[in-house]
Amino acid sequence: MSVAKIGAASYRLKNVGIKGTAAVVGPKEGQGPLGAYFDKVWVSETNHETSFERAERALLEEALNLAVKKANCSWDDVDLVLGGDLLDQIVSTNFVARQHERPLLGLFAACAVFTEALGLGALLIAGQGPKRVAVGAVSHHMAAERQFRFPIELGYQRTPTAAWTATAAGAAILGVAQHEDLLVDTVTFGRVIDYGSKDPNDMGSAMAPAALDSIERHLAATGDRIEDYDGIFTGDLGVFGIDLLQELGSAAGLRFGDRLNDCGKSLYYLKEQDVHNGASGPGCSAGVFSGYLYQRLKKGDWQRLLLVATGALFSPTTYQQGETIPCIAHAVTVSSPGAHAR
Amino acid sequence: MADQENTQRVRAYQELVKSRRPSKPILKNVIYAFFVGGAICEVGQWIQWGFMQNGMTAKEATSPTTVVLIGLGALLTGLGWYDKVVKHGGMGGTLPITGFSNAMVAPAMEFRSEGLVLGVGAKLFTVAGPVLVYGLSAAFVVGLCRYLLTGVA
């Protein structure tokens with residue numbers, strides 16, 4: 001294991017592997033096109049929990065427990081837990097830590113928290129700190145609705161650019177790579193970028209410039225070209241955000257083509273499930289990676305993936321006060337062991 | 001200089017966003033609002049006629065009609081249907097008194113988990129509050145103008 005700083009906020013890591021992942025999602029997510037890739041699909045939004053907040057915790061706890069199990073280790077082997085969620089004071093992450101009782105670093109980067117945790121965890125392992133790190137992120141549609149928008153049963157019309165916060169949790173166990181493990185290759189931590197967007201019902205367009213900034217700096221630092229990736233997946237830009245990112249990319253000389261996709265755009269049947277711009281939330285990129293993307297790489301369909309989770313760093317108070325929405329994106333390259341030897 | 005470049009970049013981006021933003025289906029929304037709102041008013045009219053059949057005058061029937069409509073709105077909210085009515089009907093579902101009922105009952109259901117005092121009690125008016133504040137204020141101003149102009153209280 002070793003780590004080399006290759007850019008302003010970019011690092012190349014040696015021998016950090018993903019030992020296992022797990023994704024647990026709600027019923028709507030299970031009915032989407034990626035339904036078969038998730039470890040567990042809840043039959044109801046609350047799964048018999050008495051509040052939406054409790055349901056969110058249960059979701060994260062199940063995903064973390066499953067990931068530990070699938071990584072063939074026990075909680076005692078986990079040196080550190082990294083992760084976050086959307087609720088005030090990141091209560092889901094903190095409360096779940098009460099159950100597993102492992103050292104915790106709670107993170108907040110809104111919907112970008114999964115790659116922040118993944119990158120940071122890998123960096124710590126490469127720097128020969130902890131030997132095994134669990135990372136996880138979660139969101140629950142109903143819990144997010146009541147914190148950021150309106151009561152669930154209140155009738156109102158969503159705008160075409162509004163996103164649907166996913167009920168999903170994803171978790172991964174990182175450790176020293178052994179032969180078959182996927183590798184966390186390179187990491188670029190994002191800067192906060194604000195292009196003056198104010199509409200909390202259009203986070204895709206607010207976050208697209210942050211995604212571009214991190215992708216550009218990641219490619220520049222690593223020397224990778226777009227063609228070196230089988231997929232570049234942003235977190236939750238959605239339909240509109242991806243269109244803008246394509247456009248911003250071509251203006252900056254980056255032709256993404258159909259390699260560029262988005263976790264939020266992929267999680268649902270957009271029209272049939274009536275989710276407008278697509279999915280959002282920390283659980284979106286966490287769940288889509290831990291379920292779908294991980295398996296695409298593991299099966300050998302793909303060799304290299306760039307995951308760029310995107311976050312809008314606002315609160316209900318800041319947008320009510322008319323502030324613009326600062327955004328961030330963290331980029332992590334995950335590759336199969338074969339691709340690494342290239 | 002850097003600031004100026006920044007402002008320009010931000011402005012250019014916001015213009016791009018504006019030009020590409022998918023537009024709301026306004027015509028469809030308006031037509032749906034007309035029929036959904038119309039249907040609710042039609043139901044209200046039938047209820048009022050029902051009371052009038054039983055010997056009330058049109059004016060007397062107004063209050064019980066309102067009560068029945070509020071009850072219906074609350075019932076549909078409780079069943080989880082009223083949000084679907086507004087989703088399609090937009091203002092056609094929000095503006096009638098059934099929409100006001102929805103705005104009261106939805107937070108009442110939602111904040112039960114925080115208890116009867118700090119939950120339901122404190123949050124009951126989170127949605128309807130502004131409507132009440134500005135509705136009452138507007139009524140006061142209009143009433144005052146009427147008094148000053150016509151002398152009728």
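So, how was this worked out
Residues numbered from 1 in each chain as written. Chains lettered and ligands numbered in written order. Predicted model: local features only at pLDDT ≥ 70, side-chain atom pairs only at ≥ 80, totals over all residues. Heavy atoms only, no water. Helix = DSSP H or I, 4+ residues; strand = E, 2+ residues; numbered from the N terminus. Rg over C-alpha atoms; globule rule 2.2 N^0.38 Å. Buried < 20%, exposed > 50% of the residue type's maximum accessible area, 1.4 Å probe, protein only. Contact = heavy atoms within 4.5 Å. Lys, Arg positive; Asp, Glu negative; His and termini not counted. Charge placed at Lys NZ, Arg CZ, Asp CG, Glu CD. Buried area = accessible area lost by both parts, 1.4 Å probe. Salt bridge = Lys/Arg side-chain N within 4 Å of Asp/Glu carboxyl O. Axes fitted to C-alpha atoms, helices over the stretch in contact; angles between N-to-C directions. Parallel < 35°, antiparallel > 145°, perpendicular 65-115°, else oblique. Nonpolar A, V, L, I, M, F, W, Y, C, P; charged D, E, K, R; others polar. Domains from an automatic or database assignment. Polar contact = N/O pair within 3.5 Å; in protein donor to acceptor, adjacent residues only side chain to side chain.

**What about the overall build of chain A?**
Within chain A, the secondary structure is distributed over 11 helices and 15 strands. The C-alpha atoms of chain A give a radius of gyration of 18 Å, which matches the 20 Å a tight globule of 342 residues would have. Based on the C-alpha atoms only, the size of chain A along its principal axes is roughly 55 × 50 × 35 Å. Each of the 342 residues in chain A was classed as buried or not, and the buried ones make up 63%. Residue pairs at least 24 apart in sequence account for 77% of intrachain contacts in chain A once pairs closer than 6 positions are excluded. Where the 30 positive side-chain charges of chain A centre and where its 38 negative ones centre are 5 Å apart.

**Focus: the interface of chain B and chain A**
The partner chain A presents 26 residues to the 30 residues of chain B that form the contact. Of the roughly 2400 Å² buried between chain B and chain A, counting both surfaces, carbon and sulfur atoms make up 58%. Three residues, B:Tyr13, B:Lys87 and B:Glu110, lead the burial of chain B against chain A; their summed loss comes to 26% of the area buried on that side. Counting the contacts that link chain B with chain A gives 5 salt bridges.

**As for the packing of helix α2 (residues 26-53) of chain B against helix α4 (residues 82-89) of chain B**
All names here are of chain B. Viewed as axis vectors pointing N to C, α2 and α4 meet at an angle of 135°, and their least axial separation amounts to 8 Å. With respect to α4, the element α2 is oriented oblique. Within the contact between the two elements, α2 uses Tyr32, Ala33, Val36 and Ile40 and α4 uses Tyr82, Val85, His88 and Gly89. Looking at side-chain class alone, the contact of α2 with α4 contains 6 nonpolar, 2 polar and no charged residues.

**Focus: the pattern of salt bridges**
Counting across every chain of the model gives 19 salt bridges over all chains. The salt bridge involving A:Asp213 is made with A:Arg217; its shortest N-O contact spans 3.2 Å. Taken together, the positions of A:Asp213 and A:Arg217, both in helix α6 (residues 203-222) and 4 residues apart, correspond to about one turn of that helix. By relative accessible area, A:Asp213 is classed as buried at 11%. The closest approach of N and O atoms between A:Asp228 and A:Arg225, which form a salt bridge, is 3.0 Å. When its relative accessible area of 15% is taken as the criterion, A:Asp228 is described as buried. Linked through salt bridges whose partners overlap, the residues forming this network are A:Glu53, A:Arg146, B:Glu110 and B:Glu114.

**Details of the domain arrangement of chain A**
All names here are of chain A. Here chain A is described as being made up of domain 1 (2-175) and domain 2 (185-335). The gap between the C-alpha centroids of domain 1 and domain 2 is 17 Å. Of the residues lining the interface, 56 residues belong to domain 1; the matching set on domain 2 comes to 53 residues. Carbon and sulfur atoms make up 64% of the surface buried where domain 1 meets domain 2, a total of about 4500 Å² over both sides. Across the contact surface, domain 1 and domain 2 share 21 residue pairs in polar contact (both at pLDDT 80 or more). Split by residue class, the side of domain 1 that touches domain 2 holds 33 nonpolar, 15 polar and 8 charged.

**Observations regarding unusual backbone geometry**
Residues and elements named next belong to chain A. Phi angles above zero are rare outside glycine, and asparagine 15 is one such case at about 65°. Mapped onto the fold, asparagine 15 is located in the loop between β2 (10-14) and β3 (16-25). By relative accessible area, asparagine 15 is classed as partly exposed at 41%. Despite not being glycine, glutamine 89 shows a phi value in the positive range, around 60°. Note that glutamine 89 resides in the loop between β5 (80-85) and α3 (91-100).

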